[in-house]
Amino acid sequence: MEVTTISREASTPPVSTPPVLIPNQNSRKRKHGALVHTAASSPAPSEPGATPGPENLVLSSRHADLASRPRLSVSRHPGFVPVGPNSAFYTTEPLCFNRLNFRYTPAGLTPPESALPFRTIESHPATFRVSWEDRSPFIKVAQDGLGLQGEKGFRSARCNAPVREGRWYMEVKIDLGAGDKPSALKRAQGSHVRLGWARREAPLNAPAGYDGYSYAMRDKTGEKVHLSRARPYGRPFRTGDVVGMYICLPPRRMPERRDPYDPAHVKRERIAIEFKGQEYFESLEYAQSKEMVALMDANDRAKATNASSLPSSSTKKSATVKNLPSTARGKGAADAPESTPMRPLPTLGPESYIAFFVNGECQGIAFQDLYDYLPLRTPPNKAEQKKRANKEGLREHKENPFDDGTLGYYPIVSLFNGAQVRINPGPEFDIPPPPDIDAVVANPGEVDIKPQPDVQPTWRPMCERYSEYMSEQWALDELEEKEALKTHKPETDNDDVVQEKRDQRNAKRRAQAAARRERKIAAQHHEREADAAPKKSKLSSGWPAARDEVDYGPPMLIPSPGRATPDVREDSERVPSPAPTVASSIDAQLAGLAGYNDTSAYNTDYEEGDGVLHDAGVETDGDMAMDDAETREFIEDAIS
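In this report, we go over the structure that sits alongside the text.

## Details of the overall build of the protein chain
Alright, step 1. The number of helices and strands found in the protein chain is seven helices and 28 strands.
Alright, step 2. Put simply, the protein chain has 640 residues, and 43% of those count as buried.
Alright, step 3. Sequence-distant contacts, at least 24 apart, represent 71% of the contacts inside the protein chain between residues at least 6 apart.
Alright, step 4. Roughly 34600 Å² of accessible area belongs to the protein chain as shown, and the carbon and sulfur atoms make up 52% of that amount.

Set out below in structure tokens:
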């Protein structure tokens with residue numbers, strides 16, 4: 001039998017972004033870089049149904065980088081692979097399963113003019129069914145999402161729409177369960193089924209009723225199970241039976257506008273990624289609270305003995321209260337550090353309850369006064385918020401203390417050792433329930449449970465919940481888009497303009513750096529001049545300020561090499577040389593004393609006549625006469 005991947009439009013695999021490596025994949029904080037749009041391959045799953053690990057491919061938030069990707073309204077995932085020849089059940093490959101404390105929902109691209117690049121989309125078939133992503137990989141499915149088969153051990157699957165308020169009903173037909181063994185199963189134990197309702201925090205690798213986040217009924221004994229405690233409830237159901245599941249929840253509480261930390265506020269925290277060519281929203285799964293975990297080890301079992309209600313009231317307390325410093329025993333108990341107080345666990349009130357039907361027979365109320373599905377109130381932590389601040393384009397997952405629009409009670413099916421069931425969300429049921437289930441539950445055996453065509457039922461079939469739920473998600477998309485448009489800056493597709501602005505910024509930075517270097521060099525030069533000033537003043541203090549203040553005596557002639565010294569007439573007039581500097585005067589006098597050839601103006605060859613141009617092109621009167629003993633002594637002192 002040939003099975004192909006179901007998708008609305010065929011297209012080549014889109015280009016993805018490079019992977020972002022996460023050091024610790026068990027952490028609930030996963031950082032993603034806002035990466036450019038370059039080619040990279042998607043990670044291969046390590047086992048059937050593997051989800052993206054730390055190699056998640058984070059998609060860019062710029063429309064320009066996403067232009068080559070197809071715009072889908074229905075996810076192209078999953079593909080179906082039959083588990084065996086002529087089998088009606090399949091594994092789904094590829095697919096993102098909810099695991100490792102992360103949750104995945106299909107995403108699609110928005111129009112280019114949108115502020116946000118991604119939106120929520122559906123998966124095929126777009127009807128109420130089991131969720132492709134929100135189930136254990138060991139649960140095999142039919143292509144319509146209504147048939148389920150277990151493999152080994154207890155594994156669970158949630159449906160794709162939660163109940164947040166109102167009255168809802170659905171059926172589940174048991175194709176194989178209650179200890180019966182399939183022909184191909186070679187195990188000592190047979191197949192078993194648990195049916196019930198669960199919140200998002202309930203684990204998928206455990207049966208329904210395992211903890212405080214789910215309520216279930218088991219097939220073998222008809223017992224109800226909550227917090228892993230089985231209590232007598234109704235008649236057992238076996239292979240071929242039809243089990244009706246009914247839930248009643250009060251109207252959803254509206255958030256307090258003046259309270260910004262009210263968990264009833266709706267806010268989503270998610271990041272768009274790509275896996276196997278399909279866009280997904282990745283978000284942190286809601287963590288189990290310590291108060292709920294404490295119920296598993298509670299010593300006060302009085303509330304679990306009430307057959308009509310579990311839990312029984314909104315004032316449930318944890319048994320760990322005895323470990324608090326105020327009630328601790330032993331020496332030094334009063335000085336023990338105060339631990340974090342246990343928060344109360346709110347409930348939805350006595351009007352919230354769950355009931356089951358077996359082959360049309362009402363089994364009464366199984367659970368009443370259900371726990372509220374909203375997260376417990378979390379006080380703000382400014383230090384943690386500052387630590388999570390995004391820097392340089394990094395996007396980081398955040399634990400969401402608010403309702404993200406997906407909270408509620410989901411229908412859950414748990415299968416053991418090859419058990420098989422078939423979900424029937426309505427509107428046509430194998431055994432239609434009475435039009436007023438509340439009246440039947442309140443007075444079992446006294447109300448006519450036969451359906452009446454002329455009477456409008458007080459409940460709704462679960463098949464209607466899916467379209468309503470998707471409308472809620474798209475309304476949240478529109479609300480987030482309006483909020484993003486307030487701060488949205490339109491993108492430009494002109495690469496030249498972008499490059500020009502980038503070049504201008506770089507040039508400005510380079511000019512600023514050059515100016516800083518020049519200021520630093522000037523400061524260093526000024527410091528050197530300040531240090532050298534005392535030395536120069538000390539040297540110049542021993543030299544006369546003007547020539548006329550020194551009596552050089554009779555002139556001394558400095559002979560030029562290769563020429564005789566001319567006779568000097570007794571009455572000849574000489575034009576005095578300009579006042580020499582310290583360096584030039586010393587050099588000139590040394591040259592005359594040593595007799596070496598120098599081309600300075602003070603040592604050029606003598607030409608007769610006054611005001612004659614000498615070899616060096618300097619107009620002078622001739623050689624300096626320096627024959628005074630005092631002058632030579634002064635020069636020698638200056639040189640030394």
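## Describing the environment of alanine 178
Alright, step 1. Along the chain, alanine 178 turns up in the loop between strand 13 (166–176) and strand 14 (192–198).
Alright, step 2. Linking alanine 178 and serine 191, residues 13 residues apart in sequence, is a C-alpha distance of 6.2 Å.
Alright, step 3. Once residues within four sequence positions are removed from consideration, alanine 178 is found in contact with Ser191, His192, Asp219, Phe237, Arg238 and Thr239.

## A short note on the pattern of salt bridges
Alright, step 1. On inspection of all chains with the given rule, the structure shows 26 salt bridges.
Alright, step 2. The partner of glutamate 464 in a salt bridge is arginine 460, with the nearest N and O atoms 3.1 Å apart.
Alright, step 3. Its relative accessible area of 31% is what places arginine 460 among the partly exposed residues.
Alright, step 4. As a salt-bridge pair, glutamate 468 and arginine 460 come within 3.0 Å of each other at their nearest N and O atoms.
Alright, step 5. With a relative accessible area of 27%, glutamate 468 lands in the partly exposed category.
Alright, step 6. Salt bridges sharing partners connect three or more residues here, namely Arg103, Asp134, Arg158, Arg200, Glu285 and Asp404.

## Focus: the pairing of strand 14
Alright, step 1. With respect to burial, strand 14 is a largely interior element, seven of its seven residues being buried.
Alright, step 2. The side-chain alternation of strand 14 yields two buried faces, one formed by His192, Arg194, Gly196 and Ala198 and the other by Val193, Leu195 and Trp197.
Alright, step 3. Pairing analysis gives seven bridges linking strand 14 to strand 24 (residues 410–416), with the strands arranged antiparallel. Residue pairing in the sheet places tryptophan 197 in a bridge with proline 411 of strand 24.
Alright, step 4. The pairing of strand 14 with strand 15 (residues 214–218) spans five bridges and is classified as antiparallel. Looking across to strand 15, one finds that glycine 196 is bridged to alanine 216.

## Considering the nonpolar core
Alright, step 1. Of all hydrophobic cores here, the largest spans 72 residues; its most connected members are Leu148, Leu195, Ile247, Phe356 and Tyr409.
Alright, step 2. Leave out the neighbours within four places in its chain, and leucine 148 touches Phe89, Val130, Ile139, Lys140, Val141, Val413, Leu415, Ala419, Gln420, Val421 and Ile423.
Alright, step 3. Judged by nonpolar contacts, the second largest core, of 12 residues, contains Tyr246, Cys248, Cys362 and Val440.

## Quick notes on the pairing of strand 22 (residues 361–368)
Within a regular beta strand, the side chains point alternately toward one face of the sheet and then the other, so they alternate between its two faces.
Alright, step 1. When strand 21 (residues 353–358) meets strand 22, the two strands line up antiparallel, connected through five bridges. Counterpart to tyrosine 353 in the pairing with strand 22 is glutamine 368.
Alright, step 2. Where strand 21 hands over to strand 22, the hairpin turn is made up of two residues, of which asparagine 359 adopts a positive phi near 55 degrees.

## Examining the packing of aromatic side chains
Alright, step 1. Here the structure, examined in full by the defined rule, presents 12 aromatic pairs.
Alright, step 2. Considering the side-chain rings of tyrosine 169 and phenylalanine 429, the 5.3 Å spacing of their centres and the 80 degrees angle between planes classify their relative orientation as edge-to-face. Of this pair, tyrosine 169 sits in strand 13 while phenylalanine 429 sits in the loop between strand 25 (420–424) and helix 3 (437–442), and the two are 260 residues apart along the sequence. Comparing tyrosine 169 with phenylalanine 429, the two get one shared label, buried.
Alright, step 3. Where tyrosine 215 meets phenylalanine 367, the ring centres are 4.9 Å apart and the plane angle is 50 degrees; that geometry is what we call tilted. Of this pair, tyrosine 215 sits in strand 15 while phenylalanine 367 sits in strand 22, and the two are 152 residues apart along the sequence. Phenylalanine 367 carries the same exposure label as tyrosine 215, and that label is buried.
Alright, step 4. A network of ring pairs unites the aromatic residues Tyr169, Phe357, Phe429 and Trp459 as a single cluster.
Alright, step 5. In this structure, arginine 194 packs its charged tip against the face of phenylalanine 154, placed 5.3 Å from the ring centre.
Alright, step 6. Against the face of phenylalanine 281 rests arginine 270, its NZ or CZ located 3.6 Å from the ring centre.

## Looking at a positive patch on the surface
Alright, step 1. On the surface, Lys501, Arg502, Arg505 and Arg509 cluster together to form a positively charged patch.
Alright, step 2. When you line up the elements, arginine 505 lands in helix 5 (residues 495–540).
Alright, step 3. Judged by relative accessible area, which is 43%, arginine 505 ranks as partly exposed.

## Notes on the sheet that holds strand 12 (residues 154–159)
Alright, step 1. What the seven strands build is an open sheet, ordered 9-12-24-14-15-16-17; its pairing is antiparallel. Each having just a single partner strand, strand 9 (130–135) and strand 17 (229–231) make up the two edges of the open sheet. Each neighbouring strand pair of the sheet contributes to a mean axis angle of 30 degrees, computed without reference to strand direction.

Parameters at a glance
Residues numbered from 1 in each chain as written. Predicted model: local features only at pLDDT ≥ 70, side-chain atom pairs only at ≥ 80, totals over all residues. Heavy atoms only, no water. Helix = DSSP H or I, 4+ residues; strand = E, 2+ residues; numbered from the N terminus. Buried < 20%, exposed > 50% of the residue type's maximum accessible area, 1.4 Å probe, protein only. Contact = heavy atoms within 4.5 Å. Areas by Shrake-Rupley, 256 points an atom, 1.4 Å probe, with all protein chains shown as cover. Salt bridge = Lys/Arg side-chain N within 4 Å of Asp/Glu carboxyl O. Pairing = 2+ DSSP bridges. Core = buried A, V, L, I, M, F, W, Y, C linked by side-chain atoms within 4.5 Å. Phe/Tyr/Trp six-rings, centres within 6.5 Å; stacked < 30°, edge-to-face > 60°. Lys NZ or Arg CZ within 6 Å of the ring centre and 35° of its normal. Patch = residues over 30% accessible without salt bridge, like charges linked within 9 Å, V, L, I, M, F, W, Y side chains within 5 Å. Lys, Arg positive; Asp, Glu negative; His and termini not counted. Charge placed at Lys NZ, Arg CZ, Asp CG, Glu CD. Axes fitted to C-alpha atoms, helices over the stretch in contact; angles between N-to-C directions.

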